[in-house]
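What follows is the residue order along each chain.
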Amino acid sequence: MSMVFNSLELLHQEILEELSKYELCKEDYKFSWPNYVFKDKSFRRAHLDIVDARDTRNLYMLHLCIFPNTNDPAPIFGFDIIAGPRKVTGAFHDFSPIRKNHFMLDWFYYNTKDFEPNKERNLPDWARSIFSENMIAAGNISSETELNTILKMVINNLSFYLNFVGEETPYDFTNEQNFYCKKQKENPHTPRVMASLGLDPEEVSVFIEKGLFPEI
């Protein structure tokens, strides 16, 4: 097994171990690859999906997104990674702001500021409208050191996020969360990447709308 694939399998297991503390939900839509949705009183939705196309396309993709409750100003946790056996072609990680000046955004900055990707990916307008200015967008990761740094950072940030999400306020941030979902669905790379993994385009379209970024 390649170093990259082995590292991502371990990451998958670590994430599931963190999320298995919460309630596993049954959703209305079923897809032909592994999807896990968790909920808790402290957050609205945590979605993990893995497309393991190593045998057919020599590719592996993992996506994790956690939405806070709609009365919580906490940012949205996001992480995406797609890789072949020798390198990661893209790794994206952010605490995407719902409200400015949230303490979790400060944590994200201080916990990621020293990381400099070997190749930084440029973000389009739709992405800049929802992601923080400190977002990690790395490409062409072939170094074991760089990959391990990112994966360790993601697990540390996930643990922090799950420990501190759950603030209750009198405000409703439904519109902000829906705006995030709408902008994510403008990403033209998502259907292309999933097609490259050998998935049915019609199923992918439903997945993006109903499974990946469902609006409230």
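Procedures and definitions
Residues numbered from 1 in each chain as written. Predicted model: local features only at pLDDT ≥ 70, side-chain atom pairs only at ≥ 80, totals over all residues. Heavy atoms only, no water. Helix = DSSP H or I, 4+ residues; strand = E, 2+ residues; numbered from the N terminus. Rg over C-alpha atoms; globule rule 2.2 N^0.38 Å. Buried < 20%, exposed > 50% of the residue type's maximum accessible area, 1.4 Å probe, protein only. Contact = heavy atoms within 4.5 Å. Areas by Shrake-Rupley, 256 points an atom, 1.4 Å probe, with all protein chains shown as cover. Phe/Tyr/Trp six-rings, centres within 6.5 Å; stacked < 30°, edge-to-face > 60°. Lys NZ or Arg CZ within 6 Å of the ring centre and 35° of its normal. Pairing = 2+ DSSP bridges. Axes fitted to C-alpha atoms, helices over the stretch in contact; angles between N-to-C directions. Parallel < 35°, antiparallel > 145°, perpendicular 65-115°, else oblique. Left-handed = near helix turned anticlockwise from the far one by under 90°. Nonpolar A, V, L, I, M, F, W, Y, C, P; charged D, E, K, R; others polar.

Student: Go over the overall build of the protein chain with me, naming the residues and quoting the values.
Tutor: Summing up its helical and strand segments, the protein chain has seven helices and seven strands in all. Computed over the C-alpha atoms, the radius of gyration of the protein chain is 16 Å, within 12% of the 17 Å expected from 2.2 N^0.38 for a compact globule of 216 residues. Across its three principal directions, the C-alpha atoms of the protein chain cover 50 × 40 × 35 Å. Split into buried and exposed, the 216 residues of the protein chain put 51% on the buried side. Relative to all contacts within the protein chain whose residues are 6 or more apart in sequence, the contacts with residues 24 or more apart total 64%. Approximately 11200 Å² of the protein chain is accessible, and the part contributed by carbon and sulfur atoms is 46%.

Student: Describe unusual backbone geometry, with residues and values.
Tutor: The phi angle at N101 is positive, at roughly 65°, despite the residue not being glycine. Position of N101 among the secondary structure elements: in the loop between β6 (88–96) and α2 (103–112). N101 gets classed as exposed once you look at its relative accessible area, which sits at 75%. Even without being glycine, N140 reaches a positive phi, approximately 55°. Here N140 lies in the loop between β7 (136–138) and α4 (144–164).

Student: Explain the packing of aromatic side chains to me, and be specific about the residues and the numbers.
Tutor: In the structure shown here, the tally under the stated rule is 18 aromatic pairs. Seen from their ring centres, F160 and F164 are 4.8 Å apart, and the 35° between their planes marks the pair as tilted. Taken as a pair, F160 and F164 lie in helix α4 at a separation of four residues, close to a single helical turn. On the basis of relative accessible area, F160 is assigned to the buried category, the value being 11%. The class of F164 is partly exposed, set by a relative accessible area of 46%. Three or more aromatic residues link up through ring pairs in this structure, and these residues are F67, W126, F131, Y180 and F213. We note R44 situated over the ring of F67; from NZ or CZ to the ring centre the distance is 4.9 Å. A cation over a ring is seen here: R54 above F5, with NZ or CZ 5.7 Å from the ring centre.

Student: Describe the pairing of β6, listing the residues and the values that go with them.
Tutor: Summarising burial for β6: seven of the nine residues are buried, a large majority. Note that strand β5 (residues 76–83) and β6 share eight bridges and pair antiparallel. By the bridge assignment, F77 is partnered in β6 with F95. Taking the residues that link successive antiparallel strands as the turn, the β5-β6 hairpin has four residues. Taken together, the three bridges between β6 and β7 define a ladder with antiparallel strand orientation. What sits directly across from H93, in β7, is I136.

Student: An account of the packing of helix α6 (residues 189–196) against helix α7 (residues 201–212) is requested, with residue identities and associated values reported.
Tutor: For the pair α6 and α7, the least separation of the axes is 10 Å and the interaxial angle reads 125°. Considering the angle they form, α6 stands oblique to α7. In this structure, α6 meets α7 at a crossing whose hand is right-handed. Contacts between α6 and α7 involve T190, P191 and M194 from the former and V204, F207, I208 and L212 from the latter. Here the contact of α6 with α7 is built from residues that sort into six nonpolar, one polar and no charged.

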